[in-house]
Amino acid sequence: MTTRFMILVGVIVAALLGLGAWLYGPWFWGPLVVLLGLMGLVEGIKWLLRPRAEKPPAKPPQPPPIPLEELRGLFEFLDRPDPPECTHALKETEGFLKSRNLPVAPTVEWLKANGGFCDCEVIMNVADGWGDKVGWVPTDEGDGPR
Ligand SMILES: [Zn+2]
């Protein structure tokens, strides 16, 4: 919107300057002013007719490249009691994927797209949005008997 608005203002200013030149300057300014005026008019109409409050359509969440049961398995694996300290990498995640013969690269890409840049973020961010969808219950939030 701002770019178009600036073009509109620029065209109007140029048209006003051209109008002055037309009145007080050489003949060829006339057609130029008409041209500028028409451009301004077209931009103005476009600007007025633009769709308002147009939001880019929300991207639907991409499904993971591995079956949902495997994703739940990954959450369970990463959330197991006494997991190793997070190394700020997807080491545990990759180990899990390899041990199950699951595609590592596309899954890692998908996890990162969902905010999981390391093992603990997979639990923090990815499981936050996908836990419900895969039927995963965090061990410390379950309300069943311990
Ligand atoms: Zn981490």
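Thresholds applied
- Residues numbered from 1 in each chain as written.
- Predicted model: local features only at pLDDT ≥ 70, side-chain atom pairs only at ≥ 80, totals over all residues.
- Helix = DSSP H or I, 4+ residues; strand = E, 2+ residues; numbered from the N terminus.
- Rg over C-alpha atoms; globule rule 2.2 N^0.38 Å.
- Buried ≥ 20, exposed ≤ 12 C-beta atoms within 10 Å, placed from the backbone.
- Contact = placed C-beta atoms within 7 Å.
- Core = buried A, V, L, I, M, F, W, Y, C linked by C-beta atoms within 7 Å.
- Axes fitted to C-alpha atoms, helices over the stretch in contact; angles between N-to-C directions.
- Parallel < 35°, antiparallel > 145°, perpendicular 65-115°, else oblique.
- Left-handed = near helix turned anticlockwise from the far one by under 90°.
- Nonpolar A, V, L, I, M, F, W, Y, C, P; charged D, E, K, R; others polar.
- Domains from an automatic or database assignment.
- Arc of directions from axis to C-beta.

Chemist: Which parts of the structure should I look at to understand the overall build of the protein chain?
Modeler: Within the protein chain, the regular secondary structure consists of six helices and zero strands. Sequence-ordered secondary structure for the protein chain, helices as α and strands as β, is α-α-α-α-α-α. By the compact-globule yardstick of 15 Å for 146 residues, the protein chain is too spread out, its C-alpha radius of gyration being 30 Å. Counting only C-alpha atoms, the protein chain reaches 90 × 30 × 25 Å along its principal axes. Buried residues in the protein chain amount to 17% of all 146 residues. Considering only contacts in the protein chain between residues 6 or more positions apart, those separated by 24 or more positions represent 57%.

Chemist: Help me out: how do you make sense of the nonpolar core in this one?
Modeler: A general tendency of soluble globular proteins is for nonpolar side chains to be buried together. Of all hydrophobic cores here, the largest spans 13 residues; its most connected members are Leu74, Phe75, Leu78, Val122, Ile123, Val126 and Ala127. At the level of elements, α3 (68–78), α4 (91–99) and α6 (119–134) are the ones that each hand at least two residues to this core. Contacts of valine 126, omitting those with residues within four sequence positions, involve Leu111, Asn114, Gly115 and Gly116.

Chemist: Would you explain the packing of α3 against α4 in this entry?
Modeler: The axes of two packed helices give the description: the angle between them and the distance between them. Running from N to C, α3 and α4 point in directions that differ by 135°, and their axes come no closer than 10 Å. On the basis of the axis angle, α3 is oblique to α4. The chirality of how α3 crosses α4 is right-handed. In contact with Leu74, Phe77 and Leu78 of α3, α4 contributes Glu92, Thr93 and Phe96. Broken down by class, the residue content of the contact of α3 with α4 amounts to four nonpolar, one polar and one charged.

Chemist: How should the domain arrangement of the protein chain be read in this particular structure?
Modeler: Here the domain parsing of the protein chain yields domain 1 (2–49) and domain 2 (68–134). For domain 1 and domain 2, the distance between their C-alpha centres works out to 58 Å.

Chemist: Before we go on, may I ask you to explain the environment of tryptophan 22 in this structure?
Modeler: Among the structural elements, tryptophan 22 can be located in helix α1 (residues 2–24). In this structure the C-alpha to C-alpha distance between tryptophan 22 and valine 104, which are 82 residues apart in sequence, comes to 69 Å. Among all residues touching tryptophan 22, those that are not within four sequence positions of it are Trp29, Gly30 and Val33.

Chemist: Is there a simple way to think about the packing of α3 against α6 in this case?
Modeler: Between α3 and α6, the least distance of the axes is 10 Å, while the angle of their chain directions is 140°. Considering the angle they form, α3 stands oblique to α6. Relative to α6, the crossing made by α3 is left-handed. Facing α3, whose interface residues are Leu68, Leu71, Arg72, Phe75 and Leu78, α6 presents Asp119, Val122, Ile123, Ala127, Trp130, Gly131, Lys133 and Val134. Taken together, the residues of the contact of α3 with α6 break down into nine nonpolar, one polar and three charged.

Chemist: Help me understand α3 in this model?
Modeler: Buried residues of α3: Leu71, Leu74, Phe75 and Leu78, and no others. Viewed end-on, α3 has its buried residues packed into an arc of 95°, placing them on one side of the element. On its buried face, α3 sits against α4 and α6.

Chemist: Explain unusual backbone geometry here, please?
Modeler: Of note, the phi angle at histidine 88 is positive, near 60°, even though the residue is not glycine. Mapping histidine 88 onto the fold places it in the loop between α3 and α4.

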